[in-house]
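Observations on the three-dimensional arrangement
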Amino acid sequence: MSLLRRILTSVLALLLLFEEWGWEPLAALAGRLSRLPLWAWVERRIAGLPPRAALGVFFLPALLLLPVKLLAVFFVGHGHAWLGLAVLLVAKVAGTALVARLFRLTHPALMRLDGFARWYARWKAWKDALMEQMRNTGAWRAARRWRGLAL
């Protein structure tokens, strides 16, 4: 494996690690908003969307977060690196919560799209294999022992 590929795989693995850690708790946290009547109504509408509309809604957060990421770059470019980093971190956590919740709501409709279902099966197999490799590393086992948790 080339050095560049190992570096990119490592960076992607760190992002997946965050997603793996944050996906369920953040989806549950976002799900608490469904206790609000208006929010529950919106979620019911999203869950009832046809497949192509569900796909659009599922990818909407990526478009909505683009201006926030540009704002973070602006802050960094103007000498406010910590503020830019904070904006990026908040955007990542909020974006993960939103995408995780939207995926739960749109998953049945998305899986009716043949292309999405094929892509998702390949992505999930690749991600699971990468996560298994990470779980077998000494660093992962040491972190589990140190924290006393199943990561």
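In what follows, the accompanying structure is described. (Residues numbered from 1 in each chain as written. Predicted model: local features only at pLDDT ≥ 70, side-chain atom pairs only at ≥ 80, totals over all residues. Heavy atoms only, no water.)

So, about the overall build of the protein chain. Looking only at helices and strands, the protein chain features six helices and zero strands. Ordering the α and β elements of the protein chain from the N terminus gives α-α-α-α-α-α. Once the C-alpha set of the protein chain is aligned to its principal axes, its extents read approximately 45 × 40 × 35 Å. Across the protein chain, every contact between residues at least 6 apart in sequence was considered, and the portion connecting residues at least 24 apart equals 66%. Looking at the protein chain as shown, the accessible area adds up to about 10600 Å², and 71% of this sits on carbon and sulfur atoms. Taking the average location of the 21 positive side-chain charges in the protein chain and that of its 7 negative ones, the two points are 3 Å from each other. (Helix = DSSP H or I, 4+ residues; strand = E, 2+ residues; numbered from the N terminus. Contact = heavy atoms within 4.5 Å. Areas by Shrake-Rupley, 256 points an atom, 1.4 Å probe, with all protein chains shown as cover. Lys, Arg positive; Asp, Glu negative; His and termini not counted. Charge placed at Lys NZ, Arg CZ, Asp CG, Glu CD.)

Attention now moves to helix 3 (residues 51–77). The first and last C-alpha atoms of helix 3 sit 40 Å apart over 27 residues, in line with the 39 Å expected at 1.5 Å per residue. Considered for burial, the residues of helix 3 that qualify are Pro51, Ala54, Phe58, Pro61, Leu65, Ala72 and Phe75. A positive phi of about 85° marks Gly79, the residue just after helix 3. (Expected span 1.5 Å × (residues − 1). Buried < 20%, exposed > 50% of the residue type's maximum accessible area, 1.4 Å probe, protein only.)

On to the packing of aromatic side chains, then. According to the stated counting rule, one finds nine aromatic pairs in the structure shown. On the basis of an interplanar angle of 5° and a centroid distance of 6.2 Å, the ring pair of Phe116 and Tyr120 is categorised as stacked. A residue pair is termed a helical-turn pair when its members lie 3 or 4 positions apart in one helix, as Phe116 and Tyr120 do in helix 5 (residues 114–135) at four residues. Like Tyr120, Phe116 is buried. (Phe/Tyr/Trp six-rings, centres within 6.5 Å; stacked < 30°, edge-to-face > 60°.)

A cluster of nonpolar side chains, Leu3, Ile7, Val11 and Leu15, forms an exposed patch at the surface whose accessible area comes to about 370 Å². Inspection of the secondary structure puts Val11 in helix 1 (residues 3–31). Assessed through its relative accessible area of 45%, Val11 is described here as partly exposed. (Patch = residues over 30% accessible without salt bridge, like charges linked within 9 Å, V, L, I, M, F, W, Y side chains within 5 Å. Salt bridge = Lys/Arg side-chain N within 4 Å of Asp/Glu carboxyl O.)

On to the pattern of salt bridges. Enumeration over the complete set of coordinates arrives at two salt bridges. Glu43 is the salt-bridge partner of Arg101, the closest N and O atoms lying 2.5 Å from each other. Pair noted here: Arg101 is in helix 4 (residues 81–110) and Glu43 is in helix 2 (residues 37–47), with a separation of 58 residues, a long-range link. Assessed through its relative accessible area of 15%, Arg101 is described here as buried. The class of Glu43 is buried, set by a relative accessible area of 8%.

The next subject is the packing of helix 3 against helix 4. Remark: helix 3 packs on helix 4, axes separated minimally by 9 Å, with the N-to-C direction vectors making an angle of 180°. It follows that helix 3 is roughly antiparallel to helix 4 by the angle criterion. In the contact of helix 3 with helix 4, the residues fall into 22 nonpolar, three polar and one charged. (Axes fitted to C-alpha atoms, helices over the stretch in contact; angles between N-to-C directions. Parallel < 35°, antiparallel > 145°, perpendicular 65-115°, else oblique. Nonpolar A, V, L, I, M, F, W, Y, C, P; charged D, E, K, R; others polar.)

A few words on helix 4. For helix 4, with 30 residues, the first-to-last C-alpha span of 38 Å runs short of the 44 Å given by 1.5 Å per residue. The largest bend along helix 4 reaches roughly 45° and is located at Arg104, with the proline Pro108 sitting one to four residues downstream. (Bend = angle between axes of the 7 residues up to and from the residue.)

So, on to the nonpolar core. Counting residues in hydrophobic clusters, the biggest one holds 11 residues: Ile46, Ala54, Phe58, Leu102, Phe103, Leu105, Ala109, Leu110, Leu113, Phe116 and Tyr120. Within the residue set of this core, elements represented by two or more residues are helix 3, helix 4 and helix 5. A total of five residues in this core trace back to one element, the largest contributor, which is helix 4. Non-local contacts of Ile46, meaning those with residues more than four positions away in its chain, are made with Val57, Leu102, Leu105 and Thr106. Ala13, Leu16, Met134 and Trp140 belong to the second largest nonpolar core, which has six residues in total. (Core = buried A, V, L, I, M, F, W, Y, C linked by side-chain atoms within 4.5 Å.)

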